[in-house]
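# Close look at the chain arrangement
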Amino acid sequence: MTARIRGDGDRERWRDRGGRAEERYLDEDDEEAVSAAEAAREGLRQIVALTGRDPLGVTSIQPTDDGWRIGVEVVEDHRIPASTDLLGLYEIELDMTGSLLGYRRTRRYQRGKGD
């Protein structure tokens, strides 16, 4: 998250989740940090590109020190009836600019089965 600091002119100063300003400034050459909504869309796009699976949607998004952690649910195996489809929950890590850092499947389960 960025915030304007009085006296910084046109520069923005990074603020961490605790509201403390870091000593790093955004300049014209720096890439801009993505919002939570943009990170969620990018995480969804990345998991589809990497796995080729049908996405069901974003299940979670959480800021991290390095960027974003996004949870995405996908259909791993289509079955008949659809209530027996196998689903996968993937965790995608993006940096502050939305670039992929890594991903992993954290869970695999049958649709309709509770936790």
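Refer to the structure presented above.
To keep things clear, this report deals only with the structure shown in the data block. If you're wondering where the values come from, they're calculated on a predicted model, not measured in any experiment.

## Remarks on the nonpolar core
- Counting ten residues, the largest nonpolar core is built from Val 34, Ala 39, Ile 47, Trp 68, Ile 70, Val 72, Val 74, Tyr 90, Ile 92 and Leu 94.
- Those elements giving two or more residues to this core turn out to be α1 (36-51), β5 (67-77) and β6 (86-95).
- If one sorts the elements of this core by residue count, β5 sits on top with four residues.
- Beyond its immediate stretch of four places on either side in the chain, Ile 47 contacts Gly 52, Val 72, Val 74, Tyr 90, Ile 92 and Tyr 103.

## What about the sheet that holds strand β4 (residues 54-63)?
- Ordered by their spatial adjacency, four strands build an open sheet running β4-β5-β6-β7, and the pairing between neighbours is antiparallel. If you trace the sheet from one side to the other, it starts and ends with β4 and β7 (100-110), each paired once. Along the sheet, successive strands turn relative to each other by an average axial angle of 20°, direction set aside.

What counts, and where the lines are drawn
- Residues numbered from 1 in each chain as written.
- Predicted model: local features only at pLDDT ≥ 70, side-chain atom pairs only at ≥ 80, totals over all residues.
- Heavy atoms only, no water.
- Core = buried A, V, L, I, M, F, W, Y, C linked by side-chain atoms within 4.5 Å.
- Buried < 20%, exposed > 50% of the residue type's maximum accessible area, 1.4 Å probe, protein only.
- Helix = DSSP H or I, 4+ residues; strand = E, 2+ residues; numbered from the N terminus.
- Contact = heavy atoms within 4.5 Å.
- Pairing = 2+ DSSP bridges.
- Axes fitted to C-alpha atoms, helices over the stretch in contact; angles between N-to-C directions.

Treat this as a map of the structure, not an account of what it does.
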